[in-house]
Amino acid sequence: MEDNQEIVADNSKPRTVSVDLQADPSLQVEISDAVSERDKVKFTVHTKTNLTHFKRSEFSVVRQHEEFIWLHDAYTENEDYAGIIIPSTPPKPDFEASREKLQKLGEGDGSMTREEFAKMKQELEAEYLAIFKKTVAMHEVFLQRLAAHPVLRKDHNFYVFLEYDQDLSVRGKNRKEILGGFLKNIVKSADEVLITGLSGTKEVDEFFEHERTFLVEYHNRVKDACMKVDKMTRSHKNVAEDYIPIASALNALGTQETSHLNKNLLKLGELLEKLRKLEGRVASDEDLKLSDLLRYYTRDSQAAKDLLYRRLRSLADYENANKALDKARMKNKDVKLMETQQQICCQKFEKLSDSAKQELINFRARRVAAFRKNMIELTELELKHAKASMLLVRNGLIALKGDQ
């Protein structure tokens, strides 16, 4: 496998996740192509627009994964977007597993025949290519979610990301920053427990109480289902790989055997080779239509949970402001200041709640449509593959009987 590999990510790119994005001609974003290098992937982001904010109607820039992370962090750190579900960051490109398999294959002990080696190499290269294309697709979905959102698409940093044709000078996070992010998540979880537990803050809206209960359960179940589907997909891939040495052994016997069995052995080896390819397609379809869907909504449901946490934090701030105002009135001190603070907290909480409610309603509609679409497509593919497998086996048995 070469260290550099260019892949045009247009029609060849798999759509792993169905995202309900309204086609808005005023701002269309796609990743037109990408280049994989040993330690990074360069994405070419192509934009078409008629918005007057941009200097041109069509332009392209080259971006790396770290710049996508920078854009996501810019949104999450902006309090103006506290009431919005920020699209989750696309997964970091990781091809090490496939590269290691290819390297081990090249350093094999010679136990495989040349035919087995060629087929295994083809399988691993196809796996590498599939991972690459999925990585490109997930980065594109992230940008298209932002471009389709009526508020997030107007962010200045998003404009810079799309139009500035120079390097953004964004580096990857060092160990200290990664550890800081980990500790920040721990503090957030502890803060949520303190708000609902020790401070006694109670949810005042039945809608949000239901959404919180549902999302906690939903997130855990989708995460668990994703792990189980990954195991199932891996099993299908293992079956496909196990066909290779068996088919090769049968073909070898068929060419060496001089009896009447040679034709049957060759036909059986040919049948197993066809079944191997079919089993590989089954694994690929399950990975694209189910595993990636579950993986995406594991991250997206976490983003929805983060939104509910921000609203709960705002509610706690509002209640604390009410308590501070009551104390100020009792002491007749700093009453005006506390009233102003209480009004600011109230307005922030109400604004956040209104936005969050609509975001959660949209999230529900989006995920239901995505799961319905992918489940229908997967079922159709599974039926197609099952019929093809049954037909192959039946025709193979007929061919074997005909030679007896």
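Here the structure is a predicted model, which means the values were calculated and not measured.

Inspection of every chain in the model, using the stated rule, returns two cavities of 30 Å³ or more. There is about 40 Å³ of room inside the largest cavity. Lining the largest cavity, in full, are Pro87, Ser88, Thr89, Pro90, Met138, Val141, Phe142, Arg145, Tyr296 and Arg299. Only helix H3 (114–148) and helix H7 (261–331) provide two or more residues apiece to the lining of the largest cavity. At four residues, the largest contribution of residues to the lining of the largest cavity is made by H3.

Counted by the stated rule, this structure contains 17 salt bridges. The network of salt bridges with common partners includes Lys134, Asp230, Asp287, Asp292 and Arg295.

Turning next to unusual backbone geometry. A positive phi is found at Asn332, a non-glycine position, where the angle reads about 55 degrees. By the secondary structure assignment, Asn332 is in the loop between H7 and helix H8 (335–402). Phi at Asp334 is positive, roughly 55 degrees, even though this residue is not glycine. When you line up the elements, Asp334 lands in the loop between H7 and H8. Exposure remark for Asp334: the relative accessible area of 48% places this residue in the partly exposed category.

Turning our eyes to something else, we now look at a positive patch on the surface. Together, Lys323, Lys327, Lys331 and Lys333 make up a positively charged patch on the protein surface. Residue Lys323 is classed as partly exposed on the basis of its relative accessible area of 45%.

This part covers the nonpolar core. Core analysis: the biggest nonpolar cluster contains 28 residues, and Val45, Leu143, Phe158 and Leu162 have the highest contact counts within it. Broken down by secondary-structure element, the contributors of at least two residues to this core are strand S2 (27–36), strand S3 (41–49), strand S4 (58–64), helix H1 (65–76), H3 and helix H4 (156–163). With six residues, the top contributor of residues to this core is H3. Sequence-distant contacts of Leu143, that is, excluding residues within four places in its chain, are made with Val29, Val45, Phe68, Leu71, Phe158 and Phe161. If you look at the next biggest cluster of nonpolar residues, it comprises 26 residues, including Leu215, Val222, Ala304 and Phe363.

Reading guide: rules and limits
Residues numbered from 1 in each chain as written. Predicted model: local features only at pLDDT ≥ 70, side-chain atom pairs only at ≥ 80, totals over all residues. Heavy atoms only, no water. 1 Å grid on protein atoms, 1.4 Å probe; cavity = no way out; pocket = protein on both sides within 12 Å on 5 of 7 lines; lining within 4 Å. Points joined across faces, edges and corners; volume = space filled by probe spheres on them. Helix = DSSP H or I, 4+ residues; strand = E, 2+ residues; numbered from the N terminus. Salt bridge = Lys/Arg side-chain N within 4 Å of Asp/Glu carboxyl O. Buried < 20%, exposed > 50% of the residue type's maximum accessible area, 1.4 Å probe, protein only. Patch = residues over 30% accessible without salt bridge, like charges linked within 9 Å, V, L, I, M, F, W, Y side chains within 5 Å. Areas by Shrake-Rupley, 256 points an atom, 1.4 Å probe, with all protein chains shown as cover. Lys, Arg positive; Asp, Glu negative; His and termini not counted. Charge placed at Lys NZ, Arg CZ, Asp CG, Glu CD. Core = buried A, V, L, I, M, F, W, Y, C linked by side-chain atoms within 4.5 Å. Contact = heavy atoms within 4.5 Å.

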